[in-house]
Amino acid sequence: MTDQSQTDLGLYKPPSTVRGMTDLDRAAFSQTVSVPAIRIPTSVLNKVVKSLKKVALQRPGLKRVVEELCEDGNKDSSEGEHRLLLLDPNSITSADSFGSEEAEALKAYGVPQEIQKYELQLTYENLKSEEILRAVLPEGQDVTSGFSRVGHIAHMNLRDHQLPYRKLIGQVIIDKNPGITCVVNKTNTIDSTYRNFLMEVLAGESNMVAKVRENGVFYEFDFSRVYWNPRLSTEHERIVSLLQRGDTVVDVFAGVGPFAIPAARRGCEVFANDLNPESFRWLQHNAKLNKVDRKITSFNMDGRDFIRGPVLERLPALMKGSQKIHVVMNLPALALEFLDAFRGLLGPEPDQSLDNLPQVHCYGFSKEDDAQRDVVERAEASLKTSLQGQCSVHLVRNVAPNKEMMCVSFTLPRGVLYSTHTQDSDVLEEPNPKKQKCEDPTD
Ligand SMILES: C[S@@+](CC[C@H](N)C(=O)[O-])C[C@H]1O[C@@H](n2cnc3c(N)ncnc32)[C@H](O)[C@@H]1O
């Protein structure tokens, strides 16, 4: 929380009647507070307001320049000649509280350095989300109201103690965040095959079809049925920046296309696959939306079957060429294990004319102290070969305390593609992982 909101929290002392509220009653939050004000002739109003900017009262939706009222509550007879500027009671308590710059400005514009009290009606509209939730939720409990935004949808992950207030929290998020018209709460952990969340609509419309823009590319998808994570935009951009026009991209777990679509826009030929029929449908939709459907061939199958079917069919021709082949495997919970699909993919007899080996970018979660080493060892175990000195590891993001998302990049070793040992034969010697090391490109 910022200093400013601490300051403002001091000004607003919520009525005790709102504590424990579960159905939002906006009117119940209104409160009259007494704030300092200074009387300014309208002829110099703009200049003085500018000079006193630092000590003026700041609140969402609040007019800080107000008309003067007489004691009978009517407008002052000298209306039109003076206005009141409302001041922050934490900065200005008396006429002596002005700093030297402000005092000089007042003097220069001929404004008497006198403070009066103004009875200000603060309403729900003038409060911040945190203030409202702090007033409602049980005292002393965390009121964090953070969410990730996916188009018009705010996606929350509420704690147990917040659940009784979830509808109210959802409505407050809509009220206080322009453009958000739907608030959902995650109701399970992301362990489904398709990596989508089960979610409950807390407030607003239940339209789950989000329209988002990431790195200048437009996507549309049903957020309740596919995987989308706004926190991966930097990683999508990082991989796409490695691509050259004419390269081939094989996206094994493509989702709705955040690697595939920008890759195609960059002039790559893309083969994109996802097991989830909904992701597959939205991937095709997004390819059309971004006018790259002619550059993307899409598939709806299991990742291993995709590698051992459509990818295998095209690989020899691509490996005869000189344009790079990039294989992207972003299913961090499982992708490292899927690397076994490359073992023996091209059969036992090496063909020396196929020397353009694919570059693999494979993602993995790790909870180990040495996450870098852990993901490399798991990649090596699936490939049944050492990647020592032949791979780089990138820390993508910290997913949770003690859980990192990593990306291992390497050139697929010839000995893996040409081998008698396929994914089904598990008889090869395990590499000794303890001896292996990998470079970190961030070093
Ligand atoms: C973590 S998401 C990544 C999506 C996208 N590449 C991105 O970066 O946002 C993983 C995707 O893999 C898909 N998936 C899960 N199991 C799969 C499998 N066995 N074969 C192919 N796709 C699978 C899910 O449906 C999901 O769309």
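Counting from 1, residues in each chain are numbered in the order their sequence is written. This being a predicted model, a pLDDT of at least 70 is required before a residue's local features are given, and a value of 80 or more before pairs of side-chain atoms are given or counted; all residues contribute to the totals for chains, interfaces and linings. Based on all heavy atoms of the structure, the side-chain values leave hydrogens and waters out of the count.

Under an unreviewed UniProt entry, the name given to the protein chain is tRNA (guanine(37)-N1)-methyltransferase, and the organism recorded is Carassius auratus.

Which parts of the structure should I look at to understand the pattern of salt bridges?
Think of it this way: side chains of opposite charge can pair up when their charged atoms draw near. For this analysis, a salt bridge means a side-chain nitrogen from Lys or Arg found within 4 Å of a carboxyl oxygen belonging to Asp or Glu. Applying the stated criterion across every chain yields a total of 15 salt bridges. Glu-278 is the salt-bridge partner of Arg-281, the closest N and O atoms lying 3.4 Å from each other. Separated by three residues within a single helix, Arg-281 and Glu-278 lie in helix H8 (residues 277-289), roughly one turn from each other. Relative accessibility under 20% of the residue-type maximum defines a buried residue, over 50% an exposed one, and the middle range a partly exposed one, all with a 1.4 Å probe and only protein chains included. Overall, the relative accessible area of 44% leaves Arg-281 in the partly exposed class. Between Arg-314 and Glu-313 there is a salt bridge, with its nearest N and O atoms 3.8 Å apart. Salt bridges here are not isolated pairs; linked through shared partners, they connect Arg-166, Lys-167 and Glu-200. Secondary structure elements follow DSSP: runs of H or I no shorter than four residues count as helices, runs of E no shorter than two count as strands, and numbering proceeds from the N terminus.

Which parts of the structure should I look at to understand the UniProt feature "binding site: S-adenosyl-L-methionine" (unreviewed entry) in the protein chain?
As recorded in UniProt, the feature "binding site: S-adenosyl-L-methionine" (unreviewed entry) lies at His-236, Asp-274, Leu-275, Asp-302, Gly-303 and Asn-330. Tracing the backbone shows Asp-302 in the loop between strand E13 (296-299) and helix H9 (303-320). Setting aside residues up to four positions removed in sequence, Asp-302 forms contacts with Asn-273, Leu-275 and Phe-338. Here Gly-303 is to be found in helix H9. Contacts are assigned to residue pairs with any non-hydrogen atoms lying within 4.5 Å of each other. Not counting residues up to four positions away in its chain, the partners in contact with Gly-303 are Val-252, Phe-253, Asn-273 and Phe-338. UniProt positions are given in the numbering used here, feature names are shortened, and annotations may be inferred rather than shown by experiment.

Looking at this structure, I do not really get the site of the ligand. What am I missing?
Neighbouring the ligand are 23 residues; His-236, Phe-253, Asp-274, Asp-302 and Gly-303 lie closest to it. Accessibility throughout is a Shrake-Rupley quantity obtained with a 1.4 Å probe, and a residue counts as covered only by protein chains that appear here. For the ligand, the accessible surface in isolation is 590 Å², of which the surrounding protein chains cover 97%. In terms of residue class, the shell around the ligand is built from 12 nonpolar, eight polar and three charged. Domain delimitation follows an automatic or database domain assignment. Structurally, the shell around the ligand is a two-domain feature, drawing no fewer than three residues from each of domain 2 (129-212) and domain 3 (229-435). Proximity is defined per residue: if any heavy atom of the residue lies within 4 Å of a molecule or strand, that residue is considered near it. Three categories are distinguished: nonpolar for Ala, Val, Leu, Ile, Met, Phe, Trp, Tyr, Cys and Pro, charged for Asp, Glu, Lys and Arg, and polar for the others, with Gly belonging to the last.

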